[in-house]
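# Topology and contacts: notes
Listed below, chain by chain, are the residues.
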Amino acid sequence: MHPSEVLFQGKRQPLLLPACDHYCGSEKLMRKSMALQQELGPVFDITFDCEDGAAAGSEAEHALLVTQLVNSDDNRFNRIGVRLHDTGSEHFAADVAVIVGATASRLAYVVLPKVESAAEVIRAIDLINQHAAKAGRTDLPVHVLIETHGALREAYDIAALPQVECLSFGIMDFVSSHYGAVPASAMRTPGQFTHPLVVRAKLEMVAACHAHGKVASHNVTTDIKDSAVVANDAQRAGAEFGFTRMWSIHPDQIKPILKAFMPRLSEVNEATNILTEAMNAGWGPIAQHGRLHDRASYRYYWTVLQRAKLAGLALPEAAAAIVNQTDSN
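What counts, and at which threshold
- Residues numbered from 1 in each chain as written.
- Predicted model: local features only at pLDDT ≥ 70, side-chain atom pairs only at ≥ 80, totals over all residues.
- Heavy atoms only, no water.
- Helix = DSSP H or I, 4+ residues; strand = E, 2+ residues; numbered from the N terminus.
- Rg over C-alpha atoms; globule rule 2.2 N^0.38 Å.
- Buried < 20%, exposed > 50% of the residue type's maximum accessible area, 1.4 Å probe, protein only.
- Contact = heavy atoms within 4.5 Å.
- Areas by Shrake-Rupley, 256 points an atom, 1.4 Å probe, with all protein chains shown as cover.
- Core = buried A, V, L, I, M, F, W, Y, C linked by side-chain atoms within 4.5 Å.
- Polar contact = N/O pair within 3.5 Å; in protein donor to acceptor, adjacent residues only side chain to side chain.
- 1 Å grid on protein atoms, 1.4 Å probe; cavity = no way out; pocket = protein on both sides within 12 Å on 5 of 7 lines; lining within 4 Å.
- Points joined across faces, edges and corners; volume = space filled by probe spheres on them.
- Nonpolar A, V, L, I, M, F, W, Y, C, P; charged D, E, K, R; others polar.
- Expected span 1.5 Å × (residues − 1).
- Arc of directions from axis to C-beta.
- Salt bridge = Lys/Arg side-chain N within 4 Å of Asp/Glu carboxyl O.
- Phe/Tyr/Trp six-rings, centres within 6.5 Å; stacked < 30°, edge-to-face > 60°.

### Digging into the overall build of the chain
Within the chain, the regular secondary structure consists of 14 helices and 10 strands. Its C-alpha atoms give the chain a radius of gyration of 20 Å, within 12% of the compact-globule value 20 Å for 329 residues. With the C-alpha coordinates of the chain rotated into their principal frame, the extents come out at 65 × 45 × 40 Å. Buried positions account for 51% of the 329 residues belonging to the chain. Within the chain, residue pairs in contact and separated by at least 24 positions form 72% of the contacts whose partners lie at least 6 positions apart. Summing over all exposed atoms, the chain offers an accessible surface of approximately 14700 Å²; the carbon and sulfur share of this is 53%.

Written out as structure tokens, the structure is:
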């Protein structure tokens, strides 16, 4: 049996996505991001923005541009998604018809902003599926921004929807929705990690994601000139809050985010040693360095190797042998 079958025993494995989600909304930046993805490989996702990050007034032309780029040969890895207008916008239905209808087979996912409820997400998914089906796609993943009071209240139900694979925290809209009761300092570090209302919102969203095996994506770092700031934000988001993915809004933010979320080589080596010994023991309990390990901890170390592989880390031979096993093994 494949190790994942043993460790998860028929249950759905938690979803894993590249640790960085890079947003861009102008043609120049979209093309630059695609070139960088070709250079680095599919270790980060790109999200073409049709909403806040795109120019207003040329929505139809922008949707066509997005369609052309997603369907182009420059989309080498099919790891480009699109943030649509919110469902209440006059442009939402057109976005779905034009973009999803023409690119569903190449899209990595679509992002829904400013939703208020699980019911709203379900209605949006129904429309998305109608157009995706015309392109032969029945499982187009959906990412949902949690940035309103209603979405936060129903984050658990939204994360439970089968087609939803990721929830992202929209800190600027969330803080703004308090109309001054939460200070602007809570949109950035250190306030974003200490203000009680923001901390509560992040933790509730992350808990909803992990309860359903979905990916929790952290908000942007608006300081685009200091890579140390984004690196610190990414490290804290992962280590203290349980996020496994983070937005980038500038190419210089991509590598610090990837590095912050990438397992250390010492973690990879530890995971390899433990899982190798576990396999030799038929996945029964083992003791290593005076510590007991069983299938509960094996699942953690299996995820460490999966994250390392997804990040493009060069795995030791023994680790590669574990994660690349086929079901026939």
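### Considering the nonpolar core
Counting residues in each nonpolar core, the largest one holds 71 residues, and the members touching the most others are Phe-48 and Leu-167. With 7 residues, the top contributor of residues to this core is helix α9 (residues 196-211).

### A closer look at the side chain of His-85
Relative to the assigned elements, His-85 resides in the loop between β3 (80-83) and α4 (92-103). A polar side-chain atom of His-85 sits 3.0 Å from the main-chain carbonyl oxygen of Cys-50.

### As for the layout of surface pockets
By volume, the largest pocket is sized at about 690 Å³. As for the largest pocket, its lining consists of 26 residues, and the residues nearest its centre are Gly-238, Phe-243, Thr-244, Tyr-300 and Arg-307. Every element with two or more residues in the lining of the largest pocket is listed here: α10 (227-241), α11 (251-261) and α13 (295-310). In terms of residue count, the dominant contributor to the lining of the largest pocket is α13 (5 residues). Class assignment for the residues of the lining of the largest pocket results in 13 nonpolar, 7 polar and 6 charged. Space inside the second largest pocket adds up to approximately 350 Å³. Around the second largest pocket, the lining comprises 20 residues; the ones closest to its centre are Arg-83, Met-172, Val-220, Trp-247 and Ile-249. Ranked by residues supplied to the lining of the second largest pocket, first place goes to helix α8 (residues 171-176) with 3 residues. Residue composition of the lining of the second largest pocket, by class: 10 nonpolar, 5 polar and 5 charged.

### A word on helix α5 (residues 118-134)
Along its 17 residues, α5 runs 25 Å from first to last C-alpha, staying within 8% of the 24 Å computed at 1.5 Å per residue. Of all the positions in α5, only Ala-118, Glu-120, Val-121, Ala-124, Ile-125, Ile-128, His-131 and Ala-132 are classed as buried. Viewed end-on, α5 has its buried residues packed into an arc of 140 degrees, placing them on one side of the element. Opposite the buried face of α5, by more than 90 degrees, sit the exposed residues Arg-123, Gln-130 and Lys-134.

### Observations concerning the pattern of salt bridges
Two side chains with opposite charge may pair up if their charged atoms get near one another. Taken as a whole and judged by the stated rule, the model has 13 salt bridges. The partner of Asp-21 in a salt bridge is Arg-245, and the shortest N-O contact between them spans 3.5 Å. Placement of the pair is Asp-21 in strand β1 (residues 20-24) and Arg-245 in strand β8 (residues 245-248), with a sequence separation of 224 residues. Arg-245 carries the same exposure label as Asp-21, and that label is buried. When the shortest N-O distance is used, the salt bridge between Arg-236 and Glu-240 registers 3.0 Å. Of the two residues, Arg-236 and Glu-240 are both situated in helix α10; the distance of 4 residues between them amounts to about one turn of the helix. A network of salt bridges, in which partner residues are shared, links Asp-49, Glu-51, Asp-52, Arg-83, Lys-114 and Asp-173.

### Describing empty space enclosed by the protein
Throughout the structure, instances matching the rule amount to 1 cavity of 30 Å³ or more. Empty space within the largest cavity amounts to approximately 140 Å³. Lining the largest cavity are 13 residues, and of these Leu-17, Ala-19, Thr-244, Arg-307 and Leu-310 sit closest to its centre. Elements that contribute at least two residues to the lining of the largest cavity include exactly α11 and α13. Tallied by class, residues from the lining of the largest cavity come to 11 nonpolar, 1 polar and 1 charged.

### Let's talk about the packing of aromatic side chains
Within the structure shown, the criterion is met by 5 aromatic pairs. With a centroid separation of 5.4 Å and 55 degrees between ring planes, the pair formed by Phe-169 and Phe-174 is classed as tilted. With respect to class, Phe-169 is no different from Phe-174; both count as buried. Aromatic side chains Trp-283 and Tyr-298 sit 5.8 Å apart centroid to centroid with 65 degrees between the ring planes, which places their arrangement in the edge-to-face category. In this pair, Trp-283 sits in the loop between α12 (265-280) and β9 (286-288) while Tyr-298 sits in helix α13, placing the two residues 15 residues apart along the sequence.

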